[in-house]
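# Coordinates in review
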Amino acid sequence: MKEWYDAIKTAQSVEKLEEIRIGIFGKKGVLAKEFAKMKTAPNEEKAGIAKELNIYKSDLMSLLSECKMNLQTQELSRAMKAEAIDVSLYSQQSSRGALHPVNETMDKIVDYFISMNFTVQTGPMVEDDFHNFEALNLPKYHPARDMQDTFYFKDEMLLRTHTSPVQIRTMLHTTPPIRMIAPGSVFRRDYDLTHTPMFHQVEGLLVDKEGTVSFANLKYILEDFLKYMFGEVAVRFRPSFFPFTEPSAEVDISCIFCKGDGCRVCSKTGWLEVLGCGIVDSNVFDAVGYKDVSGYAFGLGVERFAMLIHHIGDLRSLFEGDIRLLEQMK
Ligand code: PHE
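Let me sum up the structure you'll find in this document. Nothing here was measured: the structure is a model prediction, and the numbers come from that model. (Residues numbered from 1 in each chain as written. Predicted model: local features only at pLDDT ≥ 70, side-chain atom pairs only at ≥ 80, totals over all residues. Heavy atoms only, no water.)

## A closer look at unusual backbone geometry
A cis amide bond links Pro176 with the next residue in sequence, Pro177, at an omega value of 5°. Within the secondary structure layout, Pro177 lies in the loop between helix 7 (164–173) and strand 4 (178–187). Look at the link from Glu246 to Pro247: it is a cis peptide, with omega at 0°. Following the sequence through the fold, Pro247 ends up in strand 7 (residues 245–254). Positive phi, close to 55°, is recorded for Asp155, a residue that is not glycine. Tracing the chain through its elements places Asp155 in the loop between helix 6 (129–132) and strand 3 (157–159). Its identity is not glycine, yet Lys259 carries a phi of approximately 55°, on the positive side. Residue class for Lys259 comes out exposed when judged on its relative accessible area of 66%. (Helix = DSSP H or I, 4+ residues; strand = E, 2+ residues; numbered from the N terminus. Buried < 20%, exposed > 50% of the residue type's maximum accessible area, 1.4 Å probe, protein only.)

## As for the layout of surface pockets
If you roll a probe as big as a water molecule over the atoms, it shows you where there is empty space left. Taken as a whole, the largest pocket holds about 1,400 Å³ of empty space. If you trace the largest pocket, you find 46 residues lining it, with Thr194, His195, Glu273, Gly301 and Arg304 closest to the centre. Residue assignment for the lining of the largest pocket shows that the elements contributing at least two residues are helix 7, strand 5 (198–209), strand 7, strand 8 (271–280), strand 9 (293–301) and helix 10 (302–310). It is strand 8 that provides the largest number of residues to the lining of the largest pocket, a total of eight residues. (1 Å grid on protein atoms, 1.4 Å probe; cavity = no way out; pocket = protein on both sides within 12 Å on 5 of 7 lines; lining within 4 Å. Points joined across faces, edges and corners; volume = space filled by probe spheres on them.)

## Notes on the site of the ligand
Surveying the vicinity of the ligand reveals 13 residues, the closest of which are His162, Ser164, Arg188, Gln201 and Glu203. Take Arg188: an N or O atom from its side chain is 2.9 Å from an oxygen atom of the ligand. Contact with the protein chains removes 92% of the 330 Å² of surface that the ligand exposes when unbound. Mapping the ligand onto the cavity grids shows that it belongs to the largest pocket. The residue inventory of the shell around the ligand, partitioned by class, reads five nonpolar, six polar and two charged. (Near = heavy atom within 4 Å. Polar contact = N/O pair within 3.5 Å; in protein donor to acceptor, adjacent residues only side chain to side chain. Areas by Shrake-Rupley, 256 points an atom, 1.4 Å probe, with all protein chains shown as cover. Sits in = over half its atoms within 2 Å of the grid points. Nonpolar A, V, L, I, M, F, W, Y, C, P; charged D, E, K, R; others polar.)

## Brief notes about the sheet that holds strand 7
In spatial order, the strands read 1-4-5-9-8-7-6; together these seven strands make up an open sheet with mixed pairing. The open sheet terminates on both sides in strands that have one partner only, identified here as strand 1 (119–120) and strand 6 (235–242). Bridge analysis of strand 4 against strand 5 gives 10 bridges, and the strand direction is antiparallel. Counterpart to Ser185 in the pairing with strand 5 is His200. Docked against the sheet, helix 8 (residues 215–230) engages strand 6, strand 7, strand 8 and strand 9, running at close to 150° with respect to strand 8. (Pairing = 2+ DSSP bridges. Contact = heavy atoms within 4.5 Å. Axes fitted to C-alpha atoms, helices over the stretch in contact; angles between N-to-C directions.)

## Describing the side chain of Thr245
In this fold, Thr245 is placed in strand 7. Residue class for Thr245 comes out buried when judged on its relative accessible area of 2%. Within polar-contact distance, the side chain of Thr245 engages the side chain of Ser248 at 2.7 Å. For Thr245, the residues in contact, after removing those within four places along its chain, are Cys277, Gly278, Ile279, Val280, Asp281 and Ala297.

## Comments concerning the pattern of salt bridges
Close approach of charged atoms allows side chains with opposite charge to pair. Here the structure, examined in full by the defined rule, presents 13 salt bridges. Glu19 is the salt-bridge partner of Lys16, the closest N and O atoms lying 3.4 Å from each other. Remark: Glu19 and Lys16 occur in helix 2 (residues 14–25); sequence separation between them is three residues, near one turn of the helix. Among the salt bridges present, the one from Arg238 reaches Glu273, with a minimum N-O distance of 3.8 Å. (Salt bridge = Lys/Arg side-chain N within 4 Å of Asp/Glu carboxyl O.)

## Quick notes on the packing of helix 2 against helix 4 (residues 43–83)
When two helices pack together, their arrangement is given by the angle between their axes and by how far apart the axes lie. Axis separation between helix 2 and helix 4 bottoms out at 10 Å; the angle between their running directions is 170°. Here helix 4 runs roughly antiparallel to helix 2, going by the angle between their axes. Across from Val14, Leu17, Arg21, Ile24 and Phe25 in helix 2, the residues of helix 4 making contact are Lys57, Leu60, Met61, Leu64, Cys67, Lys68, Leu71, Gln72 and Glu75. For the contact of helix 2 with helix 4, the class distribution of residues is nine nonpolar, one polar and four charged. (Parallel < 35°, antiparallel > 145°, perpendicular 65-115°, else oblique.)

## Topic: the state of the cysteines
Each disulfide consists of a covalent bond between the sulfur atoms of two cysteine residues. Here the structure, examined in full by the defined rule, presents zero disulfides. With no disulfide of its own, Cys255 lies closest to Cys258 among cysteine sulfurs, the gap being 3.5 Å. (Disulfide = S-S within 2.5 Å.)

Right under this line is the structure:
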């Protein structure tokens, strides 16, 4: 039996080991022969022989499986070495990428509101009339619908013209209090220096018990946010109108290029408009069945922020996929 131990130990491959296994344990293998011999042995010796053979059997088996495992690991590591690709190999042509300015700006905005305990909500880009208009206090034939040139599908479906429908969707499936933002793409029929048919907004909505949310709260968070985005700027709230907020305001920052002296970018006014906001109109709460609550909402255009931060003159250049624009973002 000794030679079988040596054979197993010196086998160089898994196949060789398999041959040896058959030689020992196969139907015509040595063990079978030894057990056959046992039958002709005197009765009083049979038990002793059987015991010995069984010890051999289990010894050889465990040796076999141990050696098999070793050989397999060796073979695997040999194959891995031979077939390895050096992914760290430096290529002369490779160059570093950069985040698209819209993504970068979006990330920065979202980070701010997450740090202020707002959750991020999403909604569909193909919306229905109810969520995009009706529930936002924009009934059919309301003149304010003209503010937004809409892409329509059949059956009252449309491409959402703003992220405000996510306010409605969130209120319909949660109970207040709510602190949410909704980042995403929106669509309008517009195309010029400062408008593209698709652009991005971030919506904000805060709802809590009646009497606990004030315009002062809204002013505070937006001023803090705008200073986080643009550094030390002056912030100004101008009365405005949105159907879904009352009172409403548009928010300006002092021009970051001329510091308020008046230049081409701010059309000599010293101010840049960056946000729309207001106290949620009670008709909106009625539309979602909310009672005894108050809230504020705001909405901003991400491209507008990106253009100001990176001093980009033509909004359309953000969507032309020109690698030279991205190269400047590194
Ligand atoms: N939805 C408005 C727009 O697209 C922005 C806005 C959102 C204004 C929330 C006030 C409150 O112009």
